[in-house]
Amino acid sequence: MGELIFRFMIGGVVVSLFAVLGDVLRPKSFAGLFGAAPSIALATLGLMVHGHGDQYAALEARSMILGACAFFVYAAVSSFALRRVSAPTLVTTLALLPVWMVIAFSLYRLLG
């Protein structure tokens, strides 16, 4: 329970710092980019180093990077499909979720 509270505290502080950074930078579209994901990743990695050691944290970091690469491809494919097909956004993005999963698991198997 203490680790969970610690994670929330670190996450909250780092989210606040990234929100201020996003507010200062121009254009304002950067605010969403700096909103939550980096802070949660940093809090998680800090806890992993503290609780499980450097090697485990390195494995977690690699997994985060591979997942982010897979998400980038999913976002690009979704964006392309939304411009080309007149289907609703929710239907298109849900239908393309397997793209993210296939790429993430393929990268994991290829590089793991």
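Residues numbered from 1 in each chain as written. Predicted model: local features only at pLDDT ≥ 70, side-chain atom pairs only at ≥ 80, totals over all residues. Heavy atoms only, no water.

Asks: What is the right way to look at the overall build of the protein in this model?
Replies: Scanning the protein for helices and strands turns up 6 helices and 0 strands. Along its sequence from the N terminus, the protein presents helices and strands in the succession α-α-α-α-α-α. Looking at the protein as a whole, 18% of its 112 residues are labelled buried. Excluding contacts between residues fewer than 6 apart, the proportion of contacts in the protein whose partners are at least 24 apart in sequence is 48%. As displayed, the protein offers around 7900 Å² of accessible surface, 75% of which is attributable to carbon and sulfur atoms. (Helix = DSSP H or I, 4+ residues; strand = E, 2+ residues; numbered from the N terminus. Buried < 20%, exposed > 50% of the residue type's maximum accessible area, 1.4 Å probe, protein only. Contact = heavy atoms within 4.5 Å. Areas by Shrake-Rupley, 256 points an atom, 1.4 Å probe, with all protein chains shown as cover.)

Asks: I keep staring at the packing of aromatic side chains and nothing clicks. Help me out?
Replies: Within a pair of aromatic rings, the relevant descriptors are the distance that separates the centres and the angle that separates the planes. Applying the stated rule across the entire model yields 3 aromatic pairs. Centre to centre, the rings of Phe 71 and Tyr 74 are 5.8 Å apart; their planes meet at 45°, and the pair counts as tilted. Of the two residues, Phe 71 and Tyr 74 are both situated in helix H4 (residues 54-84); the distance of 3 residues between them amounts to about one turn of the helix. Judged by its relative accessible area of 39%, Phe 71 is partly exposed. (Phe/Tyr/Trp six-rings, centres within 6.5 Å; stacked < 30°, edge-to-face > 60°.)

Asks: Sorry, what's going on with H4 here?
Replies: Because an α-helix completes one turn every 3.6 residues, residues spaced three or four positions apart along the sequence face the same direction. Taking 1.5 Å as the rise per residue, H4 with 31 residues should run 45 Å; its terminal C-alpha atoms sit 45 Å apart, in good agreement. Of the residues making up H4, those classed as buried are Ala 57, Leu 66, Ala 70, Tyr 74, Ser 78 and Ala 81. (Expected span 1.5 Å × (residues − 1).)

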